[in-house]
Amino acid sequence: MIPEDKRRELDEISETLQSLEKECTGHDCYAPVREQVRRALRAIDQFNSGIEVVVCMGMLKAGKSTLVNLLTRSTMASPTGYGQDMTLRPALIRMAEKGAAARILLYERAESAKDADPATLQGVVLDHLRGIVGDDALQNLTLRTLPLTESTLRGVLCHRVTDTPHLIEEPVLVVVEPEYNEECKLLCHRNRMLLDMPGCDSSTAEVARGERYREIGKECDMVLLLQSSVAPLNAKAVEELTALLAGRTPSTTRIIQNRMESKAWLRPEVVDAETLEQSSRALAILRQLAENKELPVSSVNLGMAHAGIFEEPERLKKKVEMVGGVYRSNAELLAGSGFEALENSLHNELTDIRYLHCCDVLRHALRSLAAATLVTQRSEGKVLSTLRTRLERWYTF
């Protein structure tokens with residue numbers, strides 16, 4: 001729960017910033033101040049919206065799509081495939097309304113706004129989904145709706161614009177709404193969303209990288225970094241993750257080690273030791289990116305969890321018989337995967353993590369605002385002493 005004194009302090013900051021925004025209106029010399037004021041107010045508005053967003057990132061073929069499908073309890077949330085770069089552009093995923101049809105929402109630039117900045121429009125869509133702005137804010141956008149099928153999902157997320165009939169141009173944002181499933185814990189309400197990102201080291205997802213998509217990742221309350229032995233971190237991934245983790249409180253990031261237990265014939269303690277060895281180098285790099293602070297780590301066998309949740313029992317039995325393996329029921333596979341512990345942890349901690357992320361964004365915005373007011377005082381001779389005193393106190397917010 002959010003401490004009551006912090007809630008009051010947030011309200012005090014908001015009131016002060018709103019007053020300052022009014023004072024700055026119409027004065028060109030205050031433009032830098034006004035920009036930082038609006039950034040800080042947006043951080044507070046995002047927090048007050050009650051919407052919680054988690055971003056899932058990691059190396060190509062580390063198991064991101066499998067994790068996303070597990071967290072949504074749907075095989076139609078993120079496309080999967082062996083040996084292929086499946087997700088070429090980010091997709092924001094939220095549960096469909098109970099009883100509503102699964103669908104894909106495509107936000108695209110309106111014909112009259114072809115020169116509009118996609119990054120700005122992307123922020124508008126996010127704010128609209130959070131309920132911060134109304135429908136009138138979407139005047140430079142068009143919205144197309146497609147039924148959610150395997151064909152449309154792959155057509156929208158797995159192909160370049162020129163190679164698929166489902167896209168007219170590069171979308172501003174793709175929203176996927178799988179069918180409602182009451183067993184889904186993380187996205188149990190529509191106030192929670194999951195951002196599925198392309199692989200950090202993808203060689204074919206040029207549209208999904210750069211400052212525009214880094215910004216959408218930074219706006220998410222929690223970061224899930226998926227790592228596995230078959231997808232080691234490289235220089236390209238380190239660059240992407242460095243930009244994403246900058247300025248974040250470590251507890252708002254969770255490293256998920258996807259266990260690859262291919263040597264299942266070995267004793268359990270040997271398998272555990274090899275699993276630890278798989279992740280040690282990557283964990284060291286990730287902690288270095290987080291300025292040597294400890295990052296929470298969860299170890300999960302996503303393949304086992306996928307079989308436990310999605311595999312038909314009879315089909316599972318036949319698969320095991322074909323390879324001469326030891327049969328385990330769906331429930332046993334799920335219990336042994338470690339996924340339920342991860343899911344429960346994310347479900348219980350996300351609201352508090354949203355508050356911590358709000359503080360991160362707000363601190364950064366207030367520091368930038370303080371710098372902007374200092375420059376304005378020196379160049380224009382304006383005195384903003386009351387605000388600066390409060391800003392200095394709020395740095396530790």
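Refer to the structure printed above.
A. Layout of the side chain of N69. In this fold, N69 is placed in helix α3 (residues 64-72). Assessed through its relative accessible area of 2%, N69 is described here as buried. Polar contacts involving the side chain of N69 include one to the main-chain amide nitrogen of A77, which spans 3.3 Å. The contacts of N69, once residues within four sequence positions are left out, are S74, T75, M76, A77, S78, T80 and F310.

B. The arrangement of helix α2 (residues 31-48) in detail. Taking 1.5 Å of rise per residue, 18 residues should cover 26 Å, and α2 covers 26 Å from first to last C-alpha, within 8% of that figure. For α2, the complete set of buried residues consists of V33, R34, Q36, V37, A40, L41, A43, I44, Q46 and F47. Directly beyond the C-terminal end of α2, a positive phi value near 80 degrees is found at G50.

C. Molecular detail of the pattern of salt bridges. Applying the stated criterion across every chain yields a total of 17 salt bridges. R103 is paired through a salt bridge with E177; the nearest N and O atoms lie 2.8 Å apart. On the criterion of sequence distance, the pair formed by R103 in strand β3 (residues 103-109) and E177 in strand β5 (residues 173-177) is long-range, its members being 74 residues apart. We classify R103 as partly exposed; its relative accessible area is 30%. Given a relative accessible area of 2%, E177 falls into the buried group. Salt bridges here are not isolated pairs; linked through shared partners, they connect R42, D127, R130 and E219.

D. Broad picture of a negative patch on the surface. Residues E4, D5, D11 and E15 make up a contiguous surface patch of negative charge. Note that E4 resides in helix α1 (residues 4-24).

E. Just the pairing of strand β8 (residues 253-258), in detail. Most of β8 is tucked away, with six of its six residues classed as buried. By the alternation rule, side chains of β8 split into T253, I255 and Q257 and R254, I256 and N258, which are all buried. The pairing of β8 with strand β9 (residues 297-300) spans four bridges and is parallel. What sits directly across from N258, in β9, is V300.

What counts and what doesn't
- Residues numbered from 1 in each chain as written.
- Predicted model: local features only at pLDDT ≥ 70, side-chain atom pairs only at ≥ 80, totals over all residues.
- Heavy atoms only, no water.
- Helix = DSSP H or I, 4+ residues; strand = E, 2+ residues; numbered from the N terminus.
- Buried < 20%, exposed > 50% of the residue type's maximum accessible area, 1.4 Å probe, protein only.
- Polar contact = N/O pair within 3.5 Å; in protein donor to acceptor, adjacent residues only side chain to side chain.
- Contact = heavy atoms within 4.5 Å.
- Expected span 1.5 Å × (residues − 1).
- Salt bridge = Lys/Arg side-chain N within 4 Å of Asp/Glu carboxyl O.
- Patch = residues over 30% accessible without salt bridge, like charges linked within 9 Å, V, L, I, M, F, W, Y side chains within 5 Å.
- Areas by Shrake-Rupley, 256 points an atom, 1.4 Å probe, with all protein chains shown as cover.
- Lys, Arg positive; Asp, Glu negative; His and termini not counted.
- Charge placed at Lys NZ, Arg CZ, Asp CG, Glu CD.
- Pairing = 2+ DSSP bridges.

None of the figures reported here should be taken as evidence of function without further support.
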